[in-house]
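Residues per chain, in single letters:
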Protein chains: 2
Amino acid sequence: MQQALVLAESVLYSTTPNPRVGCLIVRDGLILGQGATQPPGGPHAEVCALRDAAARGHDVAGATVYVTLEPCSHFGRTPPCADTLVQAGVGRVVAAMLDPNPQVAGRGVRRLREAGIPVEIGVCLEQALALNPGFVSRMRDGTPWVWMKIAASLDGRSALENGVSQWITGEAARADGHHWRARSCAILTGIGTVEADNPALTVRHVPTVRQPRRVIVDAQLRLHPDARILNGDDVWVITAAGSPERRAMLEGRGARIVALPDGQGRVDLPALMRWLAQQDINEVHVEAGAGLNGALLGSGCIDELLWYVAPMLVGPGLPAARLAVLDQLSLADRFEWMEHARVGDDLRLRLRHAARWQSLMQGLASIPTQDCAVEGD
Amino acid sequence: MQQALVLAESVLYSTTPNPRVGCLIVRDGLILGQGATQPPGGPHAEVCALRDAAARGHDVAGATVYVTLEPCSHFGRTPPCADTLVQAGVGRVVAAMLDPNPQVAGRGVRRLREAGIPVEIGVCLEQALALNPGFVSRMRDGTPWVWMKIAASLDGRSALENGVSQWITGEAARADGHHWRARSCAILTGIGTVEADNPALTVRHVPTVRQPRRVIVDAQLRLHPDARILNGDDVWVITAAGSPERRAMLEGRGARIVALPDGQGRVDLPALMRWLAQQDINEVHVEAGAGLNGALLGSGCIDELLWYVAPMLVGPGLPAARLAVLDQLSLADRFEWMEHARVGDDLRLRLRHAARWQSLMQGLASIPTQDCAVEGD
C-alpha cells in the first residue's frame, strides 16, 4: 500500500477535480502492474495498472490489487473500475479508503464482493485521506479543504510596522510554496494583497500541467484592469457590491464576477467556500494578507496552516492574520501538528484543524458497505 | 567518540563550574574503562575511566583514550590528567576539542606528545562544544553562554492582551523546560516576572544534585521580602539603585545585592554577564518577561533561543520580547536552527546566534598546540 500511496502522490498536481489514486497489482511478491489517475477524462489508476500489467505480458488472474481509494462503481467520464477488476479476474482487493463520492460510497466494494472478490478496506487510511482531503471534504461536506500559507518571523510577524515583508523567509521557502500552489485547485487572495504586491499567483519553480484557478476576494470590485493577476488564465472575482461599469470592465479582461454578499458589505466567506466546492474545487491555497487571513480564520474556513518560520525576531510588526482580541486562552484557535521540517534557512510547519480532520475520518468510517464490516486503520 | 559524548551528556547537570567531559578507554574494540566528570572536587573523566578499567582488572597500557576535552595539565582541585594518562602508559589519545582554559589551552596535548603519546584533536568538535558552550565562552570571552526560554503561540505571543499566559504551552513543554533550568548554572529573571507570577524558579520534575543560582534583575530593589524566590538557596539581586534600607532587608532574607548600574537607572546587562562569568557561571537560563527579554536581545546578550511553540493562534497579545521598531528586515536579529522537535502538544525550537557560535569554534581552533597541527572536525 505504501507504494500505491507513492504512486498517488506522483499525480498530486494533475488529477483535479478527481482524487489522486495509486494502484499496484501484485502476485507472489512480484509487481505485475502499477498506475495512477490520469488527468480528467483519462483512465483511473486501476485501469492504468491493468494496462501496465498487460503491456508487461502479465496475467492478473488471482492477483492482489492495492489501491488507495475504493474502485469506482459508476459511469463517469470512464467506465466503472470495479467492473473492470471483476472482468480481469483479480483475486483480492485491498483499498486504503472508501470513496466518499455519493455515486460510489461503498458500491464499488459491494460489487467486488458480490463477484466473490474479497475486499479489505482501511489500510493506511490516514495517509490516503491526506492525499485527498479536499475531494473527501467536497463530497461529504460540500466545502473544499482550505490551507493558509503564511511566511512569518519566529515572533509571528509577516511584515515590519512599515509594511516591509520582502523577504522574511528565504528563497527555498518561497519556491517550496509553489508546490502547495501546484497541488491546489484554486489560489485565493484578497484585493489588499493584489494592490500591495501585484502578484501573478501562478505556479512557477515547479513543473505542472495545469494552473490552479486564481480567486480574488474583492468586496467593492476595486481590482485594477492592469493587475498582473488578470493575465493568463481567467480569474474569478468574488464581490459583495461594485458598479455594473466596473463589472463589465473586469469581465472584458476575462474575469468571472460572482457576487456573494454577506449583507454587511463584505463577501460571505463560508458561502464562498460552498460555492467553490460547487465549482469542483477540492483544495484551496490561501495566500493573502492579515485582513482576509483573519476573516477566514474567524469564520472557521481554514482547515490547515502552511506556516513558514524564518529564524529571526523582527519585533513590532504586522501579524500574519488579524484576529479578534481574546480574554481567555481557551478561546484561541487550536490546531494539531502535521509536520515540521527545514526548508532552506527556514522551517515549514504544517498544522491542521483537529476537529475538521476527525470529521473527515469519521465521515469515511460511516460509509456503509452493506453486510461487510469496514476494518479500521 | 560518540560514546564519550554520551558519557559527558550524562553529567550535564552536575559538573559546573567544570566542563562536562566523557572518557572511554578502548583496546582492540573492547571498552576497558569509561567515566565522566564528577561534581567539583571529584575526579575528572579520565581518572574515572582509568579507575573503572582498574576495577574491571584491565591493564590500559597501549590503549586508546577517547575524551571529549583535552586532558588538563594543571593542578586544580585535582592533579593534571595528562600526567596521569602518561603514567598509565596509554598508547594514544583522541580528544574532541582543546581546553580553552588558559591554564591548559594546548598544554595537555603538548605534555602527552612530549611523552611520546600521539594525540588527535577535533573529532566531533561541534558536538563537544555543544556540551560546554558556556565553559568555552567564559574561558575565551569572559561571558557565559546565555539562552532565553520562551513559550509562545504560533503567532509569537506569550500572553493575551490582558496578560493571561497560563497556559499557552502544555505540561510536557513546561516540564521539559526544567531540563534546561537543570543544566544551567544560573536562572535569570526580572522583577516584573517575580511580581507577576511569584515563581520559585527552582528545578523540579527533573532529578538533580544541585540547584542553579537564581538571579533577579531588579534595578530599583522592588523585590518583596515574601517573594517565593527568596526561599531555598540564596539568590543574587542585581540592582542599579535602591535604598540602603531595602538592601539591608533583602540581605536579611539571604539575598546578595550587587549594583551594576548603567548610568541611566537600569542594570548594565553586558556588565552583568561579565560579572556572572567572574562568579564561575558558565550557562545562563533566562526565563523572564517581554521587557527584560527585549533588553537582553537588544544589548546582544542572548546566544541561544529555547522557543516552545504552541499550535494555536491567539491574535493580539504580548510579545515574547519587547524589541525596537525596525525599518529594514536586514536589521532583524537572525539566528540559526539547532533543533526542532515535538514536546507533547508543542514544538521545541532551538536556535543560536550564528556569529557567536562561530566565534567559539574559531577560538578553539586558534589554540596553539605548538609544533603539532590541529586537525579540523
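Residue indices begin from 1 for each chain and proceed along its sequence in written order. In the order they appear in the text, chains get letters beginning with A and ligands get numbers beginning with 1. Given that the model is predicted, a residue must reach a pLDDT of at least 70 before its local features are reported, and side-chain atom pairs must reach 80 or more before they are shown or counted; all residues, however, enter totals for whole chains, interfaces and linings. The side-chain values count all of the structure's non-hydrogen atoms but skip hydrogen atoms and water molecules.

### What to know about the overall build of chain A
What counts, and what does not: In this description a helix means any DSSP run of H or I spanning at least four residues, a strand means any run of E spanning at least two, and both kinds are numbered starting from the N terminus. Every radius of gyration here is taken over C-alpha atoms, with the globule rule written as 2.2 Å times N^0.38, N being the number of residues. Residue exposure (1.4 Å probe, protein chains only): buried if accessible area is under 20% of the type maximum, exposed if over 50%, otherwise partly exposed. What makes two residues a contact is simply this: any of their non-hydrogen atoms within 4.5 Å. The method behind every accessible area is Shrake-Rupley, applied with a 1.4 Å probe, and residues are considered shielded solely by the protein chains displayed. Counting rule for charge: Lys and Arg are taken as positive, Asp and Glu as negative, and neither His nor the chain ends is counted. To locate a charge, take atom NZ for lysine, CZ for arginine, CG for aspartate or CD for glutamate.
The helix and strand tally for chain A stands at 12 helices and 18 strands. What you see for chain A is a C-alpha radius of gyration of 22 Å, in line with the 21 Å of a compact globule of 377 residues. Along the first, second and third principal axes, the C-alpha set of chain A runs to 65 × 45 × 40 Å. Counting every position in chain A, which comprises 377 residues, the buried fraction comes to 56%. In chain A, of all internal contacts separated by at least 6 residues, the share reaching a separation of at least 24 is 71%. Per element, the accessible surface of chain A, about 14,800 Å² overall, is 49% carbon and sulfur. Of the side chains in chain A, 36 bear a positive and 40 a negative charge, and the two mean positions are spaced by 3 Å.

### Points about the pattern of salt bridges
We apply this condition: By definition here, a salt bridge exists when the distance from a side-chain nitrogen of Lys or Arg to a carboxyl oxygen of Asp or Glu is within 4 Å.
One pass over the structure, following the stated rule, counts 34 salt bridges over all chains. Between D176(A) and R348(A) there is a salt bridge, with its nearest N and O atoms 2.9 Å apart. With D176(A) in helix α7 (residues 171-183) and R348(A) in strand β18 (residues 346-352), the pair connects residues that are 172 residues apart, well separated along the chain. Taking the relative accessible area as the measure of exposure, D176(A) reaches 13% and is therefore buried. Under the relative-accessibility criterion, R348(A) is labelled buried at 13%. Of the charged contacts in the structure, one is a salt bridge between R356(B) and D141(B), with a shortest N-O distance of 3.0 Å. Residue R356(B) is found in helix α12 (residues 354-365), and its partner D141(B) is found in helix α6 (residues 133-141); the two are separated by 215 residues along the sequence.

### So, the UniProt feature "binding site: Zn(2+)" (unreviewed entry) in chain A
All names here are of chain A. Where we set the bar: UniProt positions are given in the numbering used here, feature names are shortened, and annotations may be inferred rather than shown by experiment.
In this structure's numbering, the residues bearing the UniProt feature "binding site: Zn(2+)" (unreviewed entry) are H44, C72 and C81. Look at the named residues: they lie 38 residues apart in sequence, but the longest C-alpha span between them is just 9.0 Å, so in the fold they bunch up. Here C72 shows up in the loop between β3 (64-67) and α3 (81-88). Overall, C72 belongs to the buried group, its relative accessible area being 5%. Apart from residues no more than four positions distant in its own chain, C72 is found in contact with H44, E46, P79, P80, C81, A82 and V104. Residue position: C81 is located in helix α3. Setting aside its immediate chain neighbours within four residues, C81 contacts H44, E46, V47, P71 and C72.

### What to know about the domain arrangement of chain A
When the parts of a complex come together, some accessible area is lost, and that lost area is often used as the size of the interface. Residue and element names in this part refer to chain A. Test applied: Domain limits in this description derive from either an automatic procedure or a database domain assignment. Buried area adds together the accessible area that both of two parts lose upon being put together, with accessible area traced by a 1.4 Å probe. Amino acid classes used here: Ala, Val, Leu, Ile, Met, Phe, Trp, Tyr, Cys and Pro are nonpolar; Asp, Glu, Lys and Arg are charged; the rest, including Gly, are polar.
Here chain A is described as being made up of domain 1 (1-131) and domain 2 (137-355). Spacing between the C-alpha centres of domain 1 and domain 2 amounts to 34 Å. Roughly 1,100 Å² is buried in total at the junction of domain 1 and domain 2, and carbon and sulfur atoms are behind 52% of that figure. For domain 1, the biggest contributors to the area lost against domain 2 are Y13, T16 and P17; these three give 51% of the whole. Where domain 1 meets domain 2, there are two salt bridges. With its nearest N and O atoms 3.0 Å apart, the salt bridge here joins R352 to E126. Here the residues of the side of domain 1 that touches domain 2 sort into seven nonpolar, four polar and two charged.

### What to know about the nonpolar core
Convention followed: What makes a nonpolar core is a set of buried Ala, Val, Leu, Ile, Met, Phe, Trp, Tyr and Cys residues whose side-chain atoms join them at distances within 4.5 Å.
In terms of nonpolar packing, the biggest core is built from 86 residues, with L296(A), W307(A), L296(B) and W307(B) touching the most fellow members. Apart from residues no more than four positions distant in its own chain, L296(B) is found in contact with M148(B), L188(B), L269(B), M273(B), V286(B), C301(B) and I302(B). A8(A), C23(A), V67(A) and M361(A) belong to the second largest nonpolar core, which has 55 residues in total.

### Comments concerning unusual backbone geometry
With an omega of 10°, the peptide bond running from T16(A) to P17(A) counts as cis. Structurally, P17(A) can be placed in the loop between α1 (2-9) and β1 (22-27). At the junction of Q166(B) and W167(B), the peptide bond is cis and its omega measures out at 0° in the coordinates. Looking at where W167(B) falls in the secondary structure, it is placed in the loop between β7 (157-160) and α7 (171-183). A positive phi angle, near 45°, is found at A105(A), a position not held by glycine. Inspection of the secondary structure assignment puts A105(A) in the loop between β4 (92-95) and α4 (107-114).

### As for the interface of chain A and chain B
Which entries qualify depends on this criterion: Only when DSSP finds a minimum of two bridges between them are two strands counted as paired.
Across the boundary between the two partners, chain A contributes 43 residues, which contact 43 residues of chain B. Between chain A and chain B lies a buried interface of about 3,800 Å² when both sides are counted; carbon and sulfur atoms form 69% of it. Contact with chain B buries surface across chain A, with L313(A), L329(A) and W337(A) losing the most and accounting together for 21% of the total. Sorting the residues of the side of chain A that touches chain B by element identifies β7 (157-160), β13 (304-310), β14 (312-313), β16 (333-334), β17 (336-343) and β18 of chain A as the ones contributing at least two each. Here β14(A) pairs with strand β16 (residues 333-334) of chain B via two bridges, running antiparallel. Pairing of M312(A) across the sheet is with R334(B), part of β16(B).

### Here we look at the confidence of the model for chain A
Residue and element names in this part refer to chain A. Put simply, the rule is: Here pLDDT means the predictor's own confidence in every residue, given as a number from 0 to 100.
In this model, chain A carries a mean pLDDT of 94, and residues with pLDDT of at least 70 account for 98%. Confidence drops under a pLDDT of 50 for residues 371-377, and excluding neighbours within four residues, the segment shows 15 contacts in the predicted structure. As a predicted assembly, this complex carries a pTM of 0.92 together with an ipTM value of 0.91.

### Comments concerning the pairing of strand β6 (residues 145-153) of chain A
All names here are of chain A. Within β6, eight of the nine residues are buried, leaving the element largely enclosed by the surrounding structure. Bridge count for β6 against strand β12 (residues 283-286) is four bridges, and the pairing is parallel. Each residue of the ladder has a partner; that of W145, found in β12, is E283. Where β6 meets β13, seven bridges bridge the pair, whose relative direction is parallel. When the sheet's bridge partners are listed, K149 is paired in β13 with L306.

### Structural notes on the UniProt feature "active site" (unreviewed entry) in chain A
Residue and element names in this part refer to chain A. The positions UniProt marks with the feature "active site" (unreviewed entry) are E46. Turning to its location among the elements, E46 is positioned in helix α2 (residues 45-55). The exposure class assigned to E46 is buried, which follows from its relative accessible area of 4%.

### Re the packing of aromatic side chains
Two aromatic rings are characterised by how far apart their centres lie and by the angle between their planes. Residue and element names in this part refer to chain A. Applicable threshold: When two rings of Phe, Tyr or Trp (its six-membered ring) have centres within 6.5 Å they constitute a pair, described as stacked for plane angles under 30 degrees, edge-to-face for angles over 60, and tilted for the intermediate range.
Overall, the coordinates contain six aromatic pairs over all chains when judged by the stated rule. Centroid distance W147 to W180: 6.2 Å. Interplanar angle 85°. Geometry classified as edge-to-face. Of the two residues, W147 is situated in strand β6 and W180 in helix α7; the sequence distance between them amounts to 33 residues. Each member of the pair, W147 together with W180, is buried. Taking 5.2 Å as the distance between ring centres and 70° as the angle between the ring planes, the aromatic pair formed by W236 and W275 counts as edge-to-face. Remark: W275 occurs in helix α10 (residues 269-278) and W236 occurs in strand β10 (residues 235-239); sequence separation between them is 39 residues.

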